[in-house]
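Given next are the chains, with one letter for each unit.
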Amino acid sequence: MYELKTKENDKSVLAFIEKVDSKTKQEDAFRLLDIFTETTGYQAKMWGESIIGFGTYHYKYKSGHEGDAPLVGFSPRKAKISLYFATGDTLREDLLKDFGKHTTGKACVYINKVADIDVDVLKALITQSVTFLNETYPKNKA
């Protein structure tokens, strides 16, 4: 059976951010920490070695593959800052039109720095992603 590599753990989010090489990326990471915490209402948790996640949801695909993942998150990587939002949410593309300078992958939105983006749109992206995932994967109360 497939074992997820990226799991929630008890490592310190603050210690992780303090180890970020670039002072600018470190400052942006602290700013994002505040924005994500305030917007989601969830405490930041480390997922794997380098993802700071907020909230959690349990997914199960038709293939039978299942696991847990953060509702939203970010990672101050060497090249760019990765922002993690829900995949499959059609409203994300509309919000990204007014987001500012970024590139996208399947699940990630990449930015160079917080100054390049509209923080209000970031908050809307966070809120929309959390709403979409909570509706798509409602918590089962067995």
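Our structure's up above, just so we're on the same page.
The notes below deal with the structure included here. Owing to the predicted nature of the structure, the values given are computational and were not obtained by experimental measurement.

### Description of the sheet that holds strand S8 (residues 103–104)
Argument step 1. The 7 strands lie next to each other as S1-S2-S3-S6-S7-S9-S8, forming an open sheet whose pairing is antiparallel. Pairing within the sheet leaves two strands with one partner each, and these edge strands are strand S1 (8–9) and S8.
Argument step 2. With 2 bridges joining them, S1 and strand S2 (residues 44–47) adopt antiparallel strand pairing. Within S2, the position partnered with Glu-8 by the bridge is Trp-47.
Argument step 3. In the packing of helix H2 (residues 23–40) onto the sheet, contacts are made with S2, strand S3 (51–54), strand S6 (72–76) and strand S7 (81–84), and the angle to S6 comes to roughly 175°.

### Examining the packing of aromatic side chains
Argument step 1. Tallied over the full model, the rule gives 5 aromatic pairs.
Argument step 2. Seen from their ring centres, Phe-36 and Phe-74 are 5.3 Å apart, and the 45° between their planes marks the pair as tilted. On the criterion of sequence distance, the pair formed by Phe-36 in helix H2 and Phe-74 in strand S6 is long-range, its members being 38 residues apart. Like Phe-74, Phe-36 is buried.
Argument step 3. Among the aromatic residues, ring-to-ring pairing joins Phe-36, Phe-54 and Phe-74 into one connected group.

### Overview of the pattern of salt bridges
Oppositely charged side chains may form a pair once their charged atoms are brought near each other.
Argument step 1. Considering all chains together, one arrives at 7 salt bridges under this definition.
Argument step 2. Two residues, Lys-60 and Glu-66, come together in a salt bridge whose shortest N-O distance is 3.8 Å.
Argument step 3. Residue classification places Lys-60 among the exposed positions, given a relative accessible area of 54%.
Argument step 4. We classify Glu-66 as partly exposed; its relative accessible area is 33%.
Argument step 5. The partner of Asp-94 in a salt bridge is Lys-97, with the nearest N and O atoms 3.3 Å apart.
Argument step 6. On the basis of relative accessible area, Lys-97 is assigned to the exposed category, the value being 65%.

### Structural notes on the pairing of S2
Argument step 1. Bridge analysis of S2 against S3 gives 4 bridges, and the strand direction is antiparallel. Note on S3: the bridge partner recorded for Lys-45 is Gly-53.
Argument step 2. The antiparallel pairing of S2 with S3 creates a hairpin that spans 3 residues between the two strands, and Gly-48 there sits at a positive phi of about 65°.

### Considering the environment of Leu-125
Argument step 1. Within the secondary structure, Leu-125 sits in helix H4 (residues 119–136).
Argument step 2. Separated by 80 residues in the primary sequence, Leu-125 and Lys-45 place their C-alpha atoms 19 Å from one another.
Argument step 3. Those residues within four positions of Leu-125 in sequence are excluded, and the remaining contacts are Phe-85, Arg-92, Leu-95, Leu-96 and Phe-99.

### Quick look at H4
Argument step 1. Compared with the 26 Å implied by 1.5 Å per residue over 18 residues, the 25 Å span of H4 between its first and last C-alpha is a close match.
Argument step 2. Listed in full, the buried residues belonging to H4 are Val-119, Val-121, Leu-122, Leu-125, Ile-126, Gln-128, Ser-129, Val-130, Phe-132 and Leu-133.
Argument step 3. Packing partners of the buried residues in H4 comprise H2, strand S4 (57–60), S6, S7 and helix H3 (91–96).
Argument step 4. At the N-terminal boundary of H4, the capping side chain belongs to Asp-118, with an oxygen 2.9 Å from the backbone nitrogen of Asp-120.

### Remarks on the side chain of Asp-89
Argument step 1. Along the chain, Asp-89 falls in the loop between S7 and H3.
Argument step 2. Summary of buried charges: Asp-89 has no salt-bridge partner, and the nearest side chain of opposite charge, Arg-92, is 7.3 Å away.
Argument step 3. Discounting chain neighbours no more than four positions away, the residues touching Asp-89 are Gln-128, Ser-129 and Phe-132.

Rules of the game
- The numbers attached to residues start from 1 for each chain and follow its sequence in the written order.
- Note on the predicted model: pLDDT of at least 70 is required for a residue's local features to be given, and 80 or more for side-chain atom pairs to be given and counted; whole-chain, interface and lining totals, by contrast, use all residues.
- Heavy atoms throughout the structure, all of them, feed into the side-chain values; hydrogens and water do not.
- For two strands to be treated as a pair, DSSP must find at least two bridges joining them.
- Think of it this way: any DSSP run of H or I at least four residues long counts as a helix, any run of E at least two long counts as a strand, and we number them from the N terminus.
- Throughout, a residue-residue contact means that at least one pair of heavy atoms, one from each residue, lies within 4.5 Å.
- The axes used here are C-alpha line fits, helices contributing only the stretch in contact, and every angle between their N-to-C directions lies in the interval 0 to 180 degrees.
- Each Phe, Tyr or Trp ring, with Trp reduced to its six-membered ring, pairs with another whose centre is within 6.5 Å; inter-plane angles below 30 degrees give stacked pairs, above 60 give edge-to-face pairs, and intermediate values give tilted ones.
- The rule is simple: take the accessible area with a 1.4 Å probe, protein chains only, and divide by the maximum for that residue type; under 20% is buried, over 50% is exposed, in between is partly exposed.
- Throughout this description, the term salt bridge denotes a Lys or Arg side-chain nitrogen within 4 Å of a carboxyl oxygen of Asp or Glu.
- Expected helix span is computed as 1.5 Å times (number of residues minus one).
- Contacts described as polar in this section are N or O atom pairs within 3.5 Å, which, within protein, must combine one atom able to donate a hydrogen with one able to accept it, while residues neighboring in sequence count only if both atoms come from side chains.
- Charge convention: Lys and Arg are scored as positive, Asp and Glu as negative, and His as well as the terminal groups of each chain are ignored.

Shape is all these values report; function is a separate question.
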